[in-house]
Structures are given as C-alpha cells and as structure tokens.
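Summary of structural features
Here is what each chain is made of, one letter per residue.
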Amino acid sequence: MVEAQSWTTRRSSNPRLETSVDIPSTPTGEVRYGTTNNIFSATSFVSPTILTALIIASWYFSNIGVLLLNKYLLSFYGYKYPIFLTMLHMISCTFYSLIAIRWFQIVPFQQILSRKQFLKIFALSAIFCFSVVCGNTSLRYLPVSFNQAIGATTPFFTAIFAFLITCKKESAGVYLALMPVVFGIVLASNSEPLFHLFGFLVCVGSTAGRALKSVVQGLLLTSDSEKLHSMNLLLYMAPMAATILLPFTLYIEGNVFAKTVDKARNDSFMVFLLIGNATVAYLVNLTNFLVTKHTSALTLQVLGNAKAAVAAVVSVLIFKNPVTVMGISGFAVTIMGVVLYSEAKKRSKITAH
C-alpha cells in the first residue's frame, strides 16, 4: 500500500491484505511532528505506555479484523464480489482520509503539484489495485492461515523486483535468508488441505504486486517536491484506485450495486458488515501510521511478522479450517526466514555505512 517517500522505504514484511499500507522508516516521537495541534494532542493526559499499548492493540484488531471480515463476507456470507468490495474500501479510505487530514489534521495536507506527479501516483494506484483485488479474491478460495503464509514471502519478491528493475544487489546473507522463506511456503503448499490453484496464483500475484509497488514507488516519487507523507499518498491513491476499479467491477461482476442493494433489502445485517468492513480497512492504514509515530518503523516490522502467525491462529479458531503439522511447520519456517531476512538487511545497512 502507501509509503511516504521523504523517508527510507521499509521493506514490507507484513503479509497482505487487503488494504494494508506499508509505513516508511521515520524518527520517533515529537521529533517528527513537534507539538502540532491535532486530535491526538488530546491524548496527552494518558500515560505514554498505556497509549502505545492501546495503539498496538488497535493495530492488531484492525489488521486481523479486515482479514477475517473479508474472509467471512467472500467465503461464508456469500458476497462474491471482491472487486466491488475493494472499491468500497477505496471509497472509505478517501472519505476517512479527508476527515483525518483536513479536519483533524493528523498530518499536514500536501497537494499534487504537477501533472507528472499525478501520473506517477496514478501508476502506483494501478499496481495497488491489482495487489489488493488479487488478495481479496484469494480469500474466496484459500483459508486465512494459508493466505498469510503466502503473503509472508513479500521480501522474496521485493528482492527480485529490486534486482530486475534497479539492478540492486543484496549481500549474500540477505539472499541466503530468503531461502527458508521460499522453502517454507513450498512445504505449506504441499500439505494444505484446502489448496486451490487459482486462489494460490492470485495470492502470489497479490504478494508480488505489493512488492512491485514498493520498488516502483521508490523510483517514481524521488524528488523532494514529489514526496508525500503516507497518509497524504493514501488520500490521493484511494480515489484513483476506486476510479480504476469501477469499470472492472461493472464488466466482471455485472450490476453489482443493484445486487448489493437487493441483498441489503432482504438482510440489513449486510449493510452493517460492509460499512464495518470498509471502516476497518481504513483503520489498518491509520493504525500503521500511529504505531510508527508512537514507536518506530522497526516496531511495525516486528508486529507485522507476529501478525501473520496471530491471524492464522485466530482464523483457524474461528473458521475451523483443517491444518496439518507439515503446514504449520512450513508457515513457521517462512516466518523464521522473514525474521532472518530483516536481521540480514539491518546488518547489511550497518556494514554499508
């Protein structure tokens, strides 16, 4: 999803989903934002430790919640319109971003300054759409636990695209750390009881799309005048993404709006599900920003690694999908590889400096 380019881009270890936004590496605390007057200054009376704990808990709730809600809607509730659902997420992100930035002023508002900058953001939005739609579509066919295992391979695809597009070579230690990432997903795939080839392919496509966006974003928004904060970038990308998705949902999913209205008339609970789902999709982005603001991007990366395992366990408990010892082992190997990759990248950066 969306990263500010004024800081070093963080390699995403966070598995997908569905409208999750990568947060860049930033300094922590008041050094970044000073004492600006915004809604969060009202939380100054709360203990910093308690506030940070609440924000992290909210991050887990929103990230895992959007996964489970997507899975429930697309697989169990019978709402089989992943493109339209993604478009609702984008509309929600647009609406809430306007309120958060223009009303609550959580970050300073930034404008698009040129047609060239607009086209670059539009290109990122197209990649963003592909990744999110593929991720949501995969949830129709795959259990959340397997979806998260595949999503954990994001660093592998990031390294590949960085090499192919920018000819950037990593250290031997970084490439060796990626081996268990791939090996683990091979183990998990071979032993997944609910394996579905199409679901697997679109899930891999979503993971690759997220990695591609991370690399391409580092190339496109390079000048100081074009760099945007992650929340401002979301503000512009979300409506562009919704516009891109509109013709696709009409062509592929038919008159989905009329179908949704018809379903809502017979089942008002669906309206609550869709609104709640779209709201939580925005909260994923907001809590990503808040965790980074109150802790660091490294903390977010560690939380992302743990989130995959937590989401997998919670989904198995809720949806009762079968798991195997080999599948669990493969997932564990993949997560271990992601952790090793993160450590190898840190050592590589220290050596380079």
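All figures in this text were calculated on a predicted structure; none of them were measured in a lab.

1. Focus on the state of the cysteines
If you walk through the whole model with that rule in mind, you get 0 disulfides. With no disulfide partner, Cys 203 has as its closest neighbouring cysteine sulfur the one in Cys 134, 9.2 Å distant. Judged by its relative accessible area of 0%, Cys 203 is buried.

2. Comments concerning helix H5 (residues 144–151)
Because the α-helix completes a turn every 3.6 residues, residues three or four places apart line up on one side. Counting buried residues along H5, 8 of its 8 residues qualify, which places the element largely inside the surrounding structure. For H5, every residue scored as buried is listed here: Val 144, Ser 145, Phe 146, Asn 147, Gln 148, Ala 149, Ile 150 and Gly 151.

3. Comments concerning the nonpolar core
Core analysis: the biggest nonpolar cluster contains 39 residues, and Tyr 79, Ile 121 and Leu 245 have the highest contact counts within it. Of all the secondary structure elements, the ones that give two or more residues to this core are helix H2 (48–76), helix H3 (82–103), helix H4 (115–138), helix H9 (230–253), helix H10 (256–266), helix H11 (269–294) and helix H12 (297–319). Not counting residues up to four positions away in its chain, the partners in contact with Leu 245 are Ile 83, Thr 86, Met 87, Met 90, Cys 129 and Val 133. Within the second largest apolar cluster, 21 residues are counted, among which are Ile 150, Leu 178, Val 181 and Ala 344.

4. A word on the environment of Ile 83
Along the polypeptide, Ile 83 turns up in helix H3. Distance from Ile 83 to Val 132, taken between C-alpha atoms, is 8.9 Å for residues 49 residues apart in sequence. Those residues in contact with Ile 83, other than ones at most four positions away along the chain, are Val 133, Leu 245, Phe 248, Thr 249, Ile 252 and Glu 253.

5. Here's the deal with the pattern of salt bridges
Within this structure, the stated rule accounts for 4 salt bridges. Glu 226 serves as the salt-bridge partner of Lys 120, at 3.0 Å between the closest nitrogen and oxygen. Here Lys 120 is found in helix H4, whereas its partner Glu 226 is found in the loop between helix H8 (197–220) and H9, with 106 residues between them in sequence. Judged by its relative accessible area of 14%, Lys 120 falls in the buried class. According to the relative accessible area criterion, Glu 226 is buried, its value standing at 7%. Where Lys 168 meets Glu 170, a salt bridge forms, and the shortest distance between an N and an O atom there is 4.0 Å. Of the residues examined, Lys 168 reaches a relative accessible area of 37% and is grouped as partly exposed.

6. Quick word on the packing of aromatic side chains
This model, assessed by the stated rule, comprises 14 aromatic pairs. Relative to Tyr 81, the ring of Tyr 79 lies with its centre 5.0 Å away and its plane at 85°, an arrangement referred to as edge-to-face. For the pair Tyr 79 and Tyr 81, a shared accessibility class is recorded, and that class is buried. Grouping aromatic residues by their ring pairs yields a cluster made of Phe 95, Tyr 96 and Tyr 282. The ring of Phe 109 carries the charged tip of Arg 102 above its face, separated from the ring centre by 4.2 Å.

7. Thoughts on the packing of helix H6 (residues 154–166) against H8
As a packed pair, H6 and H8 sit with axes 8 Å apart at the nearest point and diverge in direction by 45°. Taken together, H6 and H8 sit at an angle that is classed as oblique. Regarding H6 and H8, the two cross each other, and that crossing is right-handed. For the pair formed by H6 and H8, the contact residues are Thr 154, Phe 157, Thr 158, Phe 161, Ala 162, Ile 165 and Thr 166 on the first element and Val 204, Thr 207, Ala 208, Arg 210, Ala 211, Leu 212, Val 215, Val 216 and Leu 219 on the second. Split into classes, the residues belonging to the contact of H6 with H8 amount to 11 nonpolar, 4 polar and 1 charged.

8. Quick notes on a nonpolar patch on the surface
Taken together, the side chains of Ile 160, Phe 163, Leu 164, Ile 165, Tyr 175 and Leu 219 present a nonpolar region at the surface, about 510 Å² in accessible area. A total of 4 residues in the nonpolar patch trace back to one element, the largest contributor, which is H6. Structurally, the position occupied by Leu 219 is in helix H8.

9. Let's talk about the environment of Gln 148
Within the secondary structure layout, Gln 148 lies in helix H5. With relative accessibility at 0%, the residue Gln 148 sits in the buried group. Residues Gln 148 and Ala 308, spaced 160 residues apart in sequence, show a C-alpha to C-alpha distance of 5.5 Å. At a separation of 3.4 Å, a polar atom in the side chain of Gln 148 contacts the side chain of Lys 307.

10. What about the environment of Leu 300?
For Leu 300, the position within the fold is in helix H12. For the pair Leu 300 and Ile 56, spaced 244 residues apart in sequence, the C-alpha to C-alpha distance is 9.0 Å.

11. Comments concerning the confidence of the model for the protein
The predicted model of the protein has a mean per-residue pLDDT of 85, with 86% of residues at 70 or higher. Scored below 50 in pLDDT, residues 1–36 shows 155 contacts in the model against residues more than four places distant or in partner chains.

Rules behind the numbers
Residues numbered from 1 in each chain as written. Predicted model: local features only at pLDDT ≥ 70, side-chain atom pairs only at ≥ 80, totals over all residues. Heavy atoms only, no water. Disulfide = S-S within 2.5 Å. Buried < 20%, exposed > 50% of the residue type's maximum accessible area, 1.4 Å probe, protein only. Helix = DSSP H or I, 4+ residues; strand = E, 2+ residues; numbered from the N terminus. Core = buried A, V, L, I, M, F, W, Y, C linked by side-chain atoms within 4.5 Å. Contact = heavy atoms within 4.5 Å. Salt bridge = Lys/Arg side-chain N within 4 Å of Asp/Glu carboxyl O. Phe/Tyr/Trp six-rings, centres within 6.5 Å; stacked < 30°, edge-to-face > 60°. Lys NZ or Arg CZ within 6 Å of the ring centre and 35° of its normal. Axes fitted to C-alpha atoms, helices over the stretch in contact; angles between N-to-C directions. Parallel < 35°, antiparallel > 145°, perpendicular 65-115°, else oblique. Left-handed = near helix turned anticlockwise from the far one by under 90°. Nonpolar A, V, L, I, M, F, W, Y, C, P; charged D, E, K, R; others polar. Patch = residues over 30% accessible without salt bridge, like charges linked within 9 Å, V, L, I, M, F, W, Y side chains within 5 Å. Areas by Shrake-Rupley, 256 points an atom, 1.4 Å probe, with all protein chains shown as cover. Polar contact = N/O pair within 3.5 Å; in protein donor to acceptor, adjacent residues only side chain to side chain. pLDDT = per-residue confidence, 0-100.

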